[in-house]
Amino acid sequence: MTASAYKDHLGRPIVAVTGMGIITSLGQGLQDNWNALSSGTSGIHGITRFPTDGLSTRIAGTVDFIEIPAPNAVERSYAFARETTIEALAQAGISGDFNGPLFLAAPPIEPEWSARFELADRSPPADHPGDAYERFLAAMHERPDPVFHEAALFGAISERLADRFGTRGLPVTLSTACASGVTAIQLGIEAIRQGRTTRALTVATDGSLSAEALIRFSLLSALSTQNDPPTKASKPFSKDRDGFVIAEGAATLVLESLESAVARGAKILGIMKGAGDKADSFHRTRSSPDGGPAIATIRAALADAGMAETDIGYINAHGTSTPENDKMEYGAMSAVFGDRLPMIPVSSNKSMIGHTLTAAGAVEAVFSLQTMLTGTLPPTINYNNPDPSIILDVVPNKKREKQVGAILSNSFGFGGQNASLVMALEPA
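This section reports on the structure supplied with the text.

Procedures and definitions
- Residues numbered from 1 in each chain as written.
- Predicted model: local features only at pLDDT ≥ 70, side-chain atom pairs only at ≥ 80, totals over all residues.
- Heavy atoms only, no water.
- Helix = DSSP H or I, 4+ residues; strand = E, 2+ residues; numbered from the N terminus.
- Buried < 20%, exposed > 50% of the residue type's maximum accessible area, 1.4 Å probe, protein only.
- Areas by Shrake-Rupley, 256 points an atom, 1.4 Å probe, with all protein chains shown as cover.
- Lys, Arg positive; Asp, Glu negative; His and termini not counted.
- Charge placed at Lys NZ, Arg CZ, Asp CG, Glu CD.
- 1 Å grid on protein atoms, 1.4 Å probe; cavity = no way out; pocket = protein on both sides within 12 Å on 5 of 7 lines; lining within 4 Å.
- Points joined across faces, edges and corners; volume = space filled by probe spheres on them.
- Nonpolar A, V, L, I, M, F, W, Y, C, P; charged D, E, K, R; others polar.
- Domains from an automatic or database assignment.
- Pairing = 2+ DSSP bridges.
- Core = buried A, V, L, I, M, F, W, Y, C linked by side-chain atoms within 4.5 Å.
- Contact = heavy atoms within 4.5 Å.

1. Looking at the overall build of the protein chain
- Scanning the protein chain from terminus to terminus reveals 13 helices and 16 strands.
- With respect to the principal axes defined by its C-alpha atoms, the protein chain has extents near 70 × 50 × 40 Å.
- Here the protein chain holds 428 residues, and the buried ones make up 60% of them.
- Carbon and sulfur atoms provide 54% of the accessible area of the protein chain, an area that totals close to 16,800 Å².
- In the protein chain, 35 side chains carry a positive charge and 45 a negative one; their mean positions are 5 Å apart.

Given below as structure tokens:
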């Protein structure tokens, strides 16, 4: 191949995907996850990790089948990231030190309530000089607690991954709400395009589901309260949707310059064609009602990919199942794709796996690539009562066999964090 064959429309190195790994409430590993997702299986279930008595939401997509040394969010998030990275590197055929940068999306974790209560119990009494924070510090000085210390440092996840897999340079930990997984991938893409590396390890993980997280999202009226049966709660784009189902998971993607991947004989799983991101200053948790930032995000991703709206054959929607977000996303897609939108198949993986928060963008990128590789469009389950104001070709309840060459995947998060990816099966 000529050198120009490895460059995109702007003369930048084409970025290929050579390895993928995934964990969700559906199981561990790409094949088990894909078999379940494409068959319309739900991973949503009743919560057993902590008592839910008196809570309005008692269901989630927890991942409870990975062993961890201590029951906290840092250990869970690290374990998920470790396992998906092992899988992705094996598929990419990379052993030994990775020798490329690590970009990690991780949740802004706080210690579990139980750990905080234990620390409070051994802190000086309330009449001790200073506030609660100073009393906690006094207790830590008196008797160091490495487990508690580790649980309070979500940045330690990337450091442990860097040590385990031999990445190069200072690992980057980022948190851009529900767009975090895409942001990590975007940083990997840019590092390769800018010639700073020929490969990048992009990981997104979230094992932060706790009673506190559930209560906080419930106070925002963001969660579904349709607890029985759990598998029916997440229903994106349906008239009777009432909120998202919180979940856990992780995904790792090995990104390489196409030229480097071909030179070492790696199997090319797909191409990262473009990424776009735009901020939304409307509200801390709500998206702008006119969808302006989301529209700009999709258009930015298409422009970065050098592709037209007519090139997209399938959309992996953000599709949270919240009344407001689904409506906003539909409006944004309508503005971009116009009259053609009802002819583009759309799915929401969250109908089956729930919303994996920090991990969502990367998890859905893996599923998008698998969609192209298999020629199978996964369904949106629980789509039995379509919202008449949202006119989409939602793949309803059962998979659809259809080969597509390019996919748009959206991630629109709290705090005005919007990001979209355009992926293709092959270079142009």
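And the narrative resumes.
2. Thoughts on unusual backbone geometry
- Cis geometry marks the peptide bond from Asp228 to Pro229; its omega dihedral reads -5°.
- Mapped onto the fold, Pro229 is located in the loop between helix H8 (211-219) and strand S8 (249-257).
- Here Ala177, not a glycine, exhibits a phi torsion of approximately 55°, which is positive.
- If you trace the backbone, Ala177 turns up in the loop between strand S6 (172-174) and helix H7 (180-193).

3. A look at the layout of surface pockets
- Of the volumes computed, that of the largest pocket is approximately 1,100 Å³.
- Taken together, 41 residues make up the lining of the largest pocket; nearest its centre are Pro108, Glu110, Ser208, Ser210 and Ala213.
- Elements that contribute at least two residues to the lining of the largest pocket include exactly helix H2 (73-92), helix H3 (113-121), helix H5 (146-151) and H8.
- Ranked by the residues each element gives to the lining of the largest pocket, the list is headed by H3, at six residues.
- Broken down by class, the residue content of the lining of the largest pocket amounts to 22 nonpolar, nine polar and ten charged.
- Counting residues domain by domain, the lining of the largest pocket receives three or more from each of domain 1 (15-109 + 154-424) and domain 2 (113-151).

4. Here we look at the pairing of strand S1 (residues 15-24)
- Counting buried residues along S1, ten of its ten residues qualify, which places the element largely inside the surrounding structure.
- Here S1 runs beside S8; their pairing, made up of eight bridges, is antiparallel. In the sheet register, Ile23 faces S8, and the bridge partner there is Ala250.
- Direction of pairing for S1 relative to strand S9 (residues 270-279): antiparallel, over a ladder of three bridges. From the neighbouring strand, Val17 faces S9, where its bridge partner is Gly270.
- Alignment of S1 against strand S2 (residues 27-28), held across two bridges, turns out to be antiparallel. Following the sheet pairing, Thr24 is matched in S2 by Gly27.
- What sits between the antiparallel neighbours S1 and S2 is a turn of two residues.

5. Considering the nonpolar core
- If you look at the biggest cluster of nonpolar residues, it comprises 46 residues, and the most contacted ones within it are Ile185, Leu253, Leu255, Met272 and Leu421.
- With residues up to four places along the chain from it excluded, the contact list for Ile185 reads Thr202, Leu253, Leu255, Met272, Ala362, Ala365 and Leu421.
- In terms of nonpolar packing, the next biggest core, distinct from the first, is built from 28 residues, Ile298, Tyr330, Val336 and Ala406 among them.

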